[in-house]
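The lines below spell out each chain.
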Amino acid sequence: MPRSYSALVIDRPWLTIALLLLLGGLALWGARDFRLDASSDSLVVETDPELAEWRRMNARYGTSEFLVVTFEPPGELLGEASLAELGTLREELAAVEGVDSVLSVLDVPLLRSPPAPLSELAENVRTLESPDVDRELAREELTTSPLYRNLIVSADGEATALQVNLEPDTRYAELLERRNALLLKRDDEGLSEAEAQDLEAARAALDAYKPEAAARQARLVEAVRAIVERHRNGAELHLAGVPMIAHDMLRFVRDDLATFGVGVVALIVATLAFFFRRPRWVLLPLATSALTTLYMVGLLGAVGWPVTVISSNFVSLLVILSISLTIHLIVRYRELLAEDPRRGTRELVVSTVEDKWWPCFYTALTTMVAFGSLVSSGIVPVVDFGWMMTIGVAVALAVAFLLFPAVLMLLPPGKPSGTLGRNVDATEALGRVTARGPAATVLVFSVLAAGAAWGISRLTVENSFIDYFDAETEIYQGMSYVDEHLGGTTPLDVLLDFPALETEPTGGGEDPFGDPFGEPFAEAGEEGSEEDAADGIDRYWFTPDKIALVEQAHAYLDAQPETGKVVSLATLHEIAKSFNDGRALDGAELAFVIGAVPEQFRESLLRPYAAPDANQARLSVRMIESDRTL
């Protein structure tokens, strides 16, 4: 035994305990900043190129966070009572602090209810609240429109969805952009000393702001949930959306930590009391696990290392592993005491530590290696979990071999157990069976091994997000309802980058994706140019060849059984064809339609799906998360 260890732990147990408690106090201080994080940042590497592309896409197309409230009234959806209830629901949701706008079936432009020429739509946009709208034609349009069907209204016309758009968190966006810009520069060019300090400051500011942003979003989600509850009088309503899922997942994790924590402690107390029947052998393992957990929570809080949904289980595992190490020491101490009850406390403690250090060290080391292997997974929350458990096991080993001997040095040896060393009947019975029939034993285990191999071959990775939740949870019910009635839940974005040709194509041919009008249109009057500039959209970028390529991609995605609603420029073209006797539009007609599209349609069908400046088109797909073949 090293002299330093003996001098501190064996000779000065009070000093050891005092130091452990002092560290516990410091850990308790650091634990104030311990936090859970369910944001997308906690699931991916900061500099992940896919994440960077996703953020660029959101900035380019104006994608924002939103909640979805589904509404299925007991009566006719377009009946007076149902629309009045829907209008009240919309107004109450719009009044919630943090809600930017609410889009409902009451607000969407109607083009065929009754039909009107395309040239008149911009001046006379009808909605369900317009006095001259035809309700029967509106129902037909809503349930057959390539845009509204399975997006705003279910195919059977019995349910609708309200999109609750949240106000953008400009502070969070600024902090995130500042940090990401420095991260990209660090990876591409390197940072100066001042810039490195700026990066650390940006990280600290973002981490400090996250709890405030999460708290504000939690209040918003609960306010929306309360409104939904008030409107369940006969109607079927569900709440869905990423902000709600993130909020509920954090709540589940907190509840699980409390439930599992209490459950694990209760089970361990009952087990220790049953087997050892001495208060010291119950309290000492609990104290070891409590200190270990406190040290880790304090460390994670002090360094700003958040716990995610995946790594939140580290507390329960640390409790079990630290107690198992202490049990090894308890059992050996009791064995030595039973062998010679006349031994003094010091001799018992020293012998116990010497006998069990290397076995416990190798047990902890192999466990650390096992958890350390998770670091190579490439999945950020799994990597974090691996590091947390690797460090935690090392802390548990240190605490066990400091606290256990120090406490026992201050206690009398006690009485030896009268049951220690007694054989267990089940063990003897198994031994007799094995000795009498070794061939049969080998045969049985060969059959079991074959069954295990067959079972292993049928193992699959669970990648269905909806199956992570119980069928009774609001997350599961909301997602399954939207999947079944309103075109799917999980978003998938597909980006089409068109070739940018600065010179004439090879062979002198024309650019198939270029301007179909040529110089005459480019030199057209200034009035048209000013119109386009005011709209913010280059109408001459939309060519038949571009639309045809988008339509091919759209048709392919829409044909997949696991996809729900697909929206793209092909959706706008499909609507436009209904004004053109079902014929595809040529270049001039496309330019006219883009200019004549009402502003509401530009916000919903142009800007989110076309970026002429980037020469890119976007297709938005909603996946059927509950599809078993996904």
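Undergrad: Residue-level account of the overall build of the protein chain, with values.
TA: Across its full length, the protein chain holds 22 helices and 8 strands. Taking all 630 residues of the protein chain together, the buried fraction comes to 43%. Counted over contacts in the protein chain with a minimum sequence separation of 6, partners at least 24 positions apart contribute 75%. Split by element, the accessible area of the protein chain, about 32900 Å² in all, is 59% carbon and sulfur.

Undergrad: Lay out unusual backbone geometry in plain terms, naming residues and giving numbers.
TA: Backbone geometry at Arg277 places phi at a positive 60 degrees, although glycine is not the residue there. Tracing the backbone through its elements, the reader meets Arg277 in the loop between α9 (242-276) and α10 (279-302).

Undergrad: Describe helix α14 (residues 425-436), with residues and values.
TA: Residues spaced three or four apart along an α-helix face the same direction, because each turn holds 3.6 residues. The end-to-end C-alpha separation of α14 is 17 Å, in line with the 16 Å expected for 12 residues at 1.5 Å each. A small share of α14 lies buried, amounting to 0 of its 12 residues.

Undergrad: Pulling in residues and values, what's your account of the side chain of Lys565?
TA: Within the element layout of this structure, Lys565 appears in strand β6 (residues 563-567). Among buried Asp, Glu, Lys and Arg side chains, Lys565 stands out as unpaired, with Asp558 the closest opposite charge at 7.4 Å. Here the side chain of Lys565 touches Pro146 through a polar contact of 2.6 Å, landing on its backbone oxygen. Within the structure, the side chain of Lys565 is placed 2.7 Å from the backbone oxygen of Arg149, a separation counted as a polar contact. Once you skip the residues sitting within four places of it in the chain, Lys565 turns out to touch Ser145, Pro146, Leu147, Arg149, Asn150, Leu151, Gly487, Ser620, Val621 and Arg622.

Undergrad: If you had to explain the nonpolar core to someone new, which residues and values would you point to?
TA: If you look at the biggest cluster of nonpolar residues, it comprises 71 residues, and the most contacted ones within it are Val69, Leu93, Leu128, Leu142 and Leu569. Tyr5, Ile10, Met389 and Val399 belong to the second-largest nonpolar core, a separate cluster that totals 57 residues.

Undergrad: Tell me about the packing of aromatic side chains, and name the residues and values.
TA: Under the criterion given, the structure shown has 14 aromatic pairs. Where Trp358 meets Phe361, the ring centres are 5.6 Å apart and the plane angle is 85 degrees; that geometry is what we call edge-to-face. With a gap of 3 residues between them, Trp358 and Phe361 both fall in helix α12 (residues 345-372), about one helical turn apart. For Phe361, a relative accessible area of 26% corresponds to the partly exposed category. An aromatic cluster of three or more residues is present, and its members are Trp357, Trp358, Phe361, Tyr362 and Phe401. Directly above the aromatic system of Phe498 lies the positively charged group of Lys546, at a separation of 5.8 Å from the ring centroid.

Undergrad: Tell me what's going on with the environment of Ala246, and back it up with residues and numbers.
TA: Along the polypeptide, Ala246 turns up in helix α9. Each C-alpha atom of the pair Ala246 and Gln217 lies 9.5 Å from the other, and the pair is 29 residues apart in sequence.

Undergrad: Describe the packing of α9 against α10, listing the residues and the values that go with them.
TA: Between α9 and α10, the least distance of the axes is 8 Å, while the angle of their chain directions is 145 degrees. In this structure, α9 meets α10 at a crossing whose hand is right-handed. Where α9 approaches α10, its residues Val265, Ile268, Val269, Leu272, Ala273 and Phe276 are matched on the opposing element by Trp281, Val282, Pro285 and Leu286. Residue classes in the contact of α9 with α10 are distributed as 10 nonpolar, no polar and no charged.

Undergrad: Break down the packing of helix α1 (residues 3-10) against helix α13 (residues 380-409) for me, with residues and values.
TA: Packing of α1 against α13 leaves a shortest axis separation of 9 Å and a crossing angle of 50 degrees. Between α1 and α13, the angle falls in the class oblique. Judged by residue contacts, Tyr5, Val9 and Ile10 of α1 engage Phe401, Leu402, Pro405, Ala406 and Met409 from α13. Looking at side-chain class alone, the contact of α1 with α13 contains 8 nonpolar, no polar and no charged residues.

Undergrad: Go over the sheet that holds strand β1 (residues 66-72), please, and point to the residues and values.
TA: One open sheet holds the 4 strands; their spatial order is β2-β3-β1-β4, and the pairing between them is antiparallel. Bordering the open sheet on either side are β2 (99-103) and β4 (236-240), each of which pairs with just one other strand. Taking each pair of neighbouring strands and ignoring which way they run, the sheet shows an average axis angle of 20 degrees. Packing against the sheet, helix α8 (residues 193-230) makes contact with β1, β2, β3 (160-166) and β4, and its axis sits at approximately 5 degrees to β1. In the packing of helix α16 (residues 474-485) onto the sheet, contacts are made with β1 and β4, and the angle to β4 comes to roughly 105 degrees.

Undergrad: Can you break down the environment of Tyr609 residue by residue, with the values?
TA: Of note, Tyr609 is situated in the loop between α22 (599-606) and β7 (610-611). Linking Tyr609 and Leu572, residues 37 residues apart in sequence, is a C-alpha distance of 9.9 Å. Every residue in contact with Tyr609, bar those within four places of it in the chain, is listed here: Tyr61, Val567, Ser568, Leu569, Ser604, Ala617, Arg618 and Ser620.

Undergrad: Any details on the side chain of Lys577? Residues and values, ideally.
TA: Along the polypeptide, Lys577 turns up in helix α20 (residues 569-577). With residues near it in sequence (within four places) discarded, Lys577 still touches Glu551, Gly582, Arg583, Ala584 and Leu585.

Undergrad: I'd love a proper account of the pattern of salt bridges, names of residues and values included.
TA: Following the criterion strictly, the structure yields 25 salt bridges and no others. Asp355 is the partner of Arg332 in a salt bridge, and the nearest nitrogen-oxygen pair spans 2.9 Å. Remark: Asp355 occurs in helix α12 and Arg332 occurs in helix α11 (residues 314-339); sequence separation between them is 23 residues. The closest approach of N and O atoms between Asp493 and Arg618, which form a salt bridge, is 2.9 Å. A residue pair is termed long-range when its members are at least 10 positions apart, and Asp493 in strand β5 (residues 490-497) and Arg618 in strand β8 (residues 616-623) qualify at 125 residues.

Undergrad: Please give an account of the confidence of the model for the protein chain that cites residues and values.
TA: Per-residue confidence for the protein chain gives a mean pLDDT of 84; residues scoring 70 or more make up 90%. Scored below 50 in pLDDT, residues 503-509 shows 3 contacts in the model against residues more than four places distant or in partner chains. Here residues 516-534 is modelled with pLDDT under 50, and outside its nearest four sequence neighbours on either side it reaches 12 contacts, counting other chains as well.

Undergrad: With reference to specific residues and values, describe a nonpolar patch on the surface.
TA: A cluster of nonpolar side chains, contributed by Leu15, Leu19, Leu22, Leu23 and Leu26, occupies part of the molecular surface with about 470 Å² of accessible area. Counting through the fold element by element, Leu22 comes out in helix α2 (residues 13-30). The exposed category is assigned to Leu22, whose relative accessible area is 52%.

Undergrad: Account for the environment of Thr563, with residues named and values stated.
TA: Tracing the sequence through the fold places Thr563 in strand β6. Assessed through its relative accessible area of 12%, Thr563 is described here as buried. Between the C-alpha atom of Thr563 and that of Asp627, which follows or precedes it by 64 residues, the distance is 9.1 Å. Residues contacting Thr563, with those up to four places away along its chain left out, are Leu557, Asp558, Val621, Arg622, Met623 and Ile624. At a separation of 2.6 Å, a polar atom in the side chain of Thr563 contacts the main-chain carbonyl oxygen of Leu557. Within the structure, Thr563 has its side chain in polar contact with the backbone oxygen of Gln560 (distance 2.9 Å).

Undergrad: Now, about helix α4 (residues 80-94): what can you tell me, with residues and values included?
TA: The terminal C-alpha atoms of α4, which comprises 15 residues, lie 21 Å apart, in line with the 21 Å expected from a rise of 1.5 Å per residue. Those residues of α4 that are buried lie in contact with β1, β2, α6 (135-144), β3, α8 and β4.

Reading the values: rules and limits
- Residues numbered from 1 in each chain as written.
- Predicted model: local features only at pLDDT ≥ 70, side-chain atom pairs only at ≥ 80, totals over all residues.
- Heavy atoms only, no water.
- Helix = DSSP H or I, 4+ residues; strand = E, 2+ residues; numbered from the N terminus.
- Buried < 20%, exposed > 50% of the residue type's maximum accessible area, 1.4 Å probe, protein only.
- Contact = heavy atoms within 4.5 Å.
- Areas by Shrake-Rupley, 256 points an atom, 1.4 Å probe, with all protein chains shown as cover.
- Expected span 1.5 Å × (residues − 1).
- Lys, Arg positive; Asp, Glu negative; His and termini not counted.
- Salt bridge = Lys/Arg side-chain N within 4 Å of Asp/Glu carboxyl O.
- Polar contact = N/O pair within 3.5 Å; in protein donor to acceptor, adjacent residues only side chain to side chain.
- Core = buried A, V, L, I, M, F, W, Y, C linked by side-chain atoms within 4.5 Å.
- Phe/Tyr/Trp six-rings, centres within 6.5 Å; stacked < 30°, edge-to-face > 60°.
- Lys NZ or Arg CZ within 6 Å of the ring centre and 35° of its normal.
- Axes fitted to C-alpha atoms, helices over the stretch in contact; angles between N-to-C directions.
- Left-handed = near helix turned anticlockwise from the far one by under 90°.
- Nonpolar A, V, L, I, M, F, W, Y, C, P; charged D, E, K, R; others polar.
- Parallel < 35°, antiparallel > 145°, perpendicular 65-115°, else oblique.
- Pairing = 2+ DSSP bridges.
- pLDDT = per-residue confidence, 0-100.
- Patch = residues over 30% accessible without salt bridge, like charges linked within 9 Å, V, L, I, M, F, W, Y side chains within 5 Å.

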